[in-house]
Amino acid sequence: MAVMLTAEVYQDDIAVTLANVLATANKRASEMGVDVAESLLTLTQRVVDDALVWRINYGPKEYINRRGGDLVVDVAATSGKVAQVLWGQ
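All values derive from a computational prediction rather than experimental measurement.

J.: Would you explain the overall build of the protein in this entry?
T.: Looking only at helices and strands, the protein features 2 helices and 4 strands. Each helix (α) and strand (β) of the protein, taken in turn from the N terminus, gives the series α-α-β-β-β-β. With respect to the principal axes defined by its C-alpha atoms, the protein has extents near 40 × 35 × 25 Å. Burial status across the protein gives 22% buried among its 89 residues.

J.: Whenever I open this one, a nonpolar patch on the surface confuses me. Can you help?
T.: Together, Val3, Leu5 and Tyr10 make up an exposed nonpolar region whose accessible area comes to about 340 Å². Considering the arrangement of structural elements, one finds tyrosine 10 in helix α1 (residues 7–10).

J.: How should the sheet that holds strand β4 (residues 82–87) be read in this particular structure?
T.: Within a sheet, each strand pairs with its neighbour through backbone hydrogen bonds, oriented either parallel or antiparallel. Here we have 4 strands laid out as an open sheet, ordered β1-β2-β3-β4, and antiparallel in their pairing. Taken across any chain shown, the strands that pair with only one partner, and hence form the sheet edges, are β1 (39–48) and β4. Adjacent strand axes in the sheet meet at a mean angle of 15° when their direction is disregarded. Against the sheet, helix α2 (residues 13–31) makes contact with β1, β2 (51–60), β3 (71–76) and β4, and its axis sits at roughly 50° relative to β2, the strand it touches most.

J.: Quick question: what am I supposed to make of the nonpolar core here?
T.: One recurring pattern in soluble globular proteins: nonpolar side chains tend to sit buried together. One finds Val21, Ala25, Ala29, Val34, Val36, Trp54, Ile56, Tyr58, Leu71, Val73, Val75 and Ala77 forming the largest nonpolar core, which totals 12 residues. Looking at this core, the elements with two or more residues in it are α2, β2 and β3. Among residues more than four places away in sequence, those in contact with isoleucine 56 are Val21, Leu22, Ala25, Leu41, Thr42, Leu43, Leu71, Val72, Val73 and Val75.

J.: Got a minute to help me understand the pattern of salt bridges in this structure?
T.: In a structure, side chains of opposite charge can pair up when their charged atoms sit close to one another. Taken as a whole and assessed by the stated rule, the structure comprises 3 salt bridges. With a shortest N-O distance of 3.7 Å, arginine 28 and glutamate 31 are connected by a salt bridge. Remark: glutamate 31 and arginine 28 occur in helix α2; sequence separation between them is 3 residues, near one turn of the helix. Among the residues examined, arginine 28 registers a relative accessible area of 30% and is labelled partly exposed. Connected via shared salt-bridge partners are Arg46, Arg55 and Asp74.

J.: It is not clear to me how the side chain of serine 39 should be interpreted in this structure. Could you clarify?
T.: Topologically, serine 39 is positioned in strand β1. Apart from the residues within four sequence positions on either side, serine 39 is in contact with Val34, Tyr58, Gly59 and Lys61.

Parameters at a glance
Residues numbered from 1 in each chain as written. Predicted model: local features only at pLDDT ≥ 70, side-chain atom pairs only at ≥ 80, totals over all residues. Heavy atoms only, no water. Helix = DSSP H or I, 4+ residues; strand = E, 2+ residues; numbered from the N terminus. Buried < 20%, exposed > 50% of the residue type's maximum accessible area, 1.4 Å probe, protein only. Patch = residues over 30% accessible without salt bridge, like charges linked within 9 Å, V, L, I, M, F, W, Y side chains within 5 Å. Areas by Shrake-Rupley, 256 points an atom, 1.4 Å probe, with all protein chains shown as cover. Salt bridge = Lys/Arg side-chain N within 4 Å of Asp/Glu carboxyl O. Pairing = 2+ DSSP bridges. Axes fitted to C-alpha atoms, helices over the stretch in contact; angles between N-to-C directions. Contact = heavy atoms within 4.5 Å. Core = buried A, V, L, I, M, F, W, Y, C linked by side-chain atoms within 4.5 Å.

Encoded structure:
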């Protein structure tokens with residue numbers, strides 16, 4: 001699902017950061033066997049040790065009557081590196 005981005009998007013620091021963070025998290029999730037396209041994604045912003053971290057949660061789209069099994073990938077906003085990976089039970 002390729003989308004052409006406008007120049008306005010590239011001028012938005014948060015949009016560019018999120019694109020990089022999401023690409024990094026998607027790569028890790030795929031490596032761990034998660035079907036990213038079939039996952040319900042949630043993103044949250046956190047501050048850890050005075051550094052901005054984005055938490056991307058990969059859960060099932062059909063989540064009713066299901067518990068656990070989510071993959072959570074934390075990516076540092078400034079470096080774009082995976083900071084932590086958590087796998088739910």
